[in-house]
Amino acid sequence: MPAYGPEQRGGTANVTVIVSDDKISSPILSKYDTAIVLNQPSLDKFENKVKPGGTLIYDSFGILDKPKRKDITCYHINAMEAAAELKMMKCFNMFVLGGLIKIHPIVSVEDVMKALRKSLPERHHHLLPMNEAAILKGMEIITQE
C-alpha cells in the first residue's frame with residue numbers, strides 16, 4: 001500500500017507490504033515486523049514503528065545518524081555503493097531485496113527470478129541475469145550491526 005502525497009515533494013515515501021498465509025484483514029499497520037529505510041527522514045519516521053524484536057534494514061549511504069534502538073535487530077546494506085561500483089544503479093532495489101531475503105527467507109531467489117520472467121515483457125529478459133546478480137550480491141553485503 002504505497003503512500004504518496006506530500007512525500008513526492010521531498011518528504012518520506014513509503015509502501016507497506018504484508019505477506020501472510022492467512023487472510024489479511026486490513027492493510028493498515030501502526031507497527032512493523034520489518035522496516036527497510038533508505039534515507040535519514042525515513043529512519044527518523046519509521047525506527048520507532050518497528051515492533052520490539054523486529055528488524056530494521058538501512059542503506060548506510062542515506063543515513064547520517066545510525067539507528068539507536070537496542071530492542072530490534074539492525075542490519076546495514078551498502079546497496080547504493082555496490083550498485084554504483086558495479087554500474088548497476090537500475091538494480092538498486094534488487095540489492096536491497098537480496099539483503100532482505102538473506103535475513104528473512106520468505107521467498108527463494110529462484111522464485112523471484114521465475115516471477116520476474118513471468119511479469120517482465122520478453123524484450124526485457126536480457127536484464128534478468130543482472131537482476132539475479134544484484135540479488136545475490138545483496139545477500140553477500142548485508143551485515144548485522
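Data block above holds the structure.
Residues numbered from 1 in each chain as written. Predicted model: local features only at pLDDT ≥ 70, side-chain atom pairs only at ≥ 80, totals over all residues. Heavy atoms only, no water.

Here we take up the nonpolar core. Core analysis: the biggest nonpolar cluster contains 24 residues, and Ile57, Phe95 and Ile135 have the highest contact counts within it. Top contributing element to this core by residue count: helix α3 (residues 92–103), with seven residues. Once you skip the residues sitting within four places of it in the chain, Ile135 turns out to touch Met94, Leu97, Gly98, Ile101, Val109, Val112 and Met113. Listed in part, the 11 residues of the second largest apolar core include Val37, Leu43, Phe46 and Ile63. (Core = buried A, V, L, I, M, F, W, Y, C linked by side-chain atoms within 4.5 Å. Buried < 20%, exposed > 50% of the residue type's maximum accessible area, 1.4 Å probe, protein only. Helix = DSSP H or I, 4+ residues; strand = E, 2+ residues; numbered from the N terminus. Contact = heavy atoms within 4.5 Å.)

Looking now at the pairing of strand β5 (residues 73–77). Of all five residues in β5, four are buried; the element is thus mostly enclosed. Relative to β5, strand β4 (residues 50–59) runs parallel, the two sharing five bridges. In the sheet register, Thr55 faces β5, and the bridge partner there is Thr73. (Pairing = 2+ DSSP bridges.)

Put simply, α3 and helix α5 (residues 128–141) touch, their axes get as near as 6 Å, and they point 50° apart. Considering the angle they form, α3 stands oblique to α5. For the pair α3 and α5, the crossing hand works out as right-handed. Across the interface between the two elements, Met94, Phe95, Leu97, Gly98, Gly99, Ile101 and Lys102 of α3 pack against Asn131, Ala134, Ile135, Lys137, Gly138 and Met139 of α5. (Axes fitted to C-alpha atoms, helices over the stretch in contact; angles between N-to-C directions. Parallel < 35°, antiparallel > 145°, perpendicular 65-115°, else oblique. Left-handed = near helix turned anticlockwise from the far one by under 90°.)

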